[in-house]
Amino acid sequence: FRRAGANSPGFPGPAGSDRGVMSRGGARPAKSWDNAFPMDFDPNMFLSQYADAYNSRDPERLRSFFALDDPRFSVFEDYSGELFDGEGYGVVLESAFDATAEMDFDLLRSDRFGELTVVHAIQKLTERDEEEGIGEVLIRATLWVDVTGESPRVVTGHFSLVPLSETECCVPGGCQG
């Protein structure tokens, strides 16, 4: 990943330069970037620590990545059809204790807009089973992260399944996912 206009790691270039977007293809200029805020949030580190909390089956640590008490908080999961508030999503996070899959992320891009950073990533959940082999679910995650407090926290998120590219993806009624 490259950071556009970066004079030093974590900071965009001078005002008027491109916006400090990190993505696989490098940086792209945009008019909505606010260079008054330094890009000191590391989305790769945030996603890695989030996955580590999940993989260690630590619901309390996992909850610390979400601003569950923030009135702006909401998470929508396409695959469940549910829109969660902070209280409801707190219950979902408790289920990490019983999870058996391992989580990992691939960062697609990250954009800073004032007090929020929008993180686009592919969340990978891998299940290893002696009988079934290895199964993997890919989820497109878009996270709006408030980066103004002591630690960054997700205030809203959207999760949707990434459709399989295989023919088994399509079923009567259309592709599921």
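Structural data are supplied above this passage.
Residues numbered from 1 in each chain as written. Predicted model: local features only at pLDDT ≥ 70, side-chain atom pairs only at ≥ 80, totals over all residues. Heavy atoms only, no water.

### Here's the deal with the nonpolar core
Phase 1 of the analysis: Grouped together as the largest cluster of nonpolar side chains are 32 residues, with contacts concentrated most on Leu47, Tyr50, Tyr54, Phe66, Tyr89, Val145 and Phe159.
Phase 2 of the analysis: Mapped onto this core, the elements with two or more residues apiece are helix H1 (43-55), helix H3 (86-94), strand S5 (102-113), strand S6 (116-129), strand S7 (133-146) and strand S8 (153-161).
Phase 3 of the analysis: Take this core: its biggest share by element is 6 residues, from H1. (Core = buried A, V, L, I, M, F, W, Y, C linked by side-chain atoms within 4.5 Å. Buried < 20%, exposed > 50% of the residue type's maximum accessible area, 1.4 Å probe, protein only. Helix = DSSP H or I, 4+ residues; strand = E, 2+ residues; numbered from the N terminus.)

### Some words on the environment of Leu116
Phase 1 of the analysis: Within the secondary structure, Leu116 is located in strand S6.
Phase 2 of the analysis: When the C-alpha atoms of Leu116 and Val145 are compared, they prove to be 5.4 Å apart, with 29 residues separating the residues in sequence.
Phase 3 of the analysis: Sequence-distant contacts of Leu116, defined by excluding residues within four places in its chain, comprise Arg72, Asp111, Trp144, Val145, Asp146 and Val155. (Contact = heavy atoms within 4.5 Å.)

### Points about the pattern of salt bridges
Phase 1 of the analysis: Under the defined criterion, the tally for this structure stands at 9 salt bridges.
Phase 2 of the analysis: Through salt bridges that share partners, Asp70, Arg72, Glu115 and Asp146 make up one connected network. (Salt bridge = Lys/Arg side-chain N within 4 Å of Asp/Glu carboxyl O.)

### Observations concerning unusual backbone geometry
Phase 1 of the analysis: Despite not being glycine, Arg57 shows a phi value in the positive range, around 60°.
Phase 2 of the analysis: Turning to its location among the elements, Arg57 is positioned in the loop between H1 and helix H2 (59-63).

### Focus on H3
Structural remark: α-helix, 3.6 residues per turn; residues separated by three or four positions point the same way.
Phase 1 of the analysis: Within the sequence span of H3, burial applies to Gly86, Tyr89, Gly90 and Leu93. Within H3, the buried residues cover an arc of 110° as seen down the axis, which keeps them to one side. Turned more than 90 degrees off the buried face of H3, the exposed positions are Glu87 and Val91.
Phase 2 of the analysis: Residues of H3 that are buried in the fold lie against H2, strand S3 (74-77), strand S4 (82-84) and S8.
Phase 3 of the analysis: N-capping of H3 is provided by Asp85, with a side-chain oxygen placed 3.3 Å from the backbone N of Glu87. (Arc of directions from axis to C-beta. Polar contact = N/O pair within 3.5 Å; in protein donor to acceptor, adjacent residues only side chain to side chain.)

### Overview of the pairing of S8
Phase 1 of the analysis: Pairing analysis gives 4 bridges linking S3 to S8, with the strands arranged parallel. By the bridge assignment for S8, Phe76 is matched with His158.
Phase 2 of the analysis: Pairing analysis gives 8 bridges linking S7 to S8, with the strands arranged antiparallel. Residue pairing in the sheet places Leu143 in a bridge with Gly157 of S8.
Phase 3 of the analysis: With antiparallel pairing between neighbouring strands as the criterion, S7 and S8 make up a hairpin whose turn holds 6 residues. (Pairing = 2+ DSSP bridges.)

As far as function goes, none of this settles anything; it's purely spatial.
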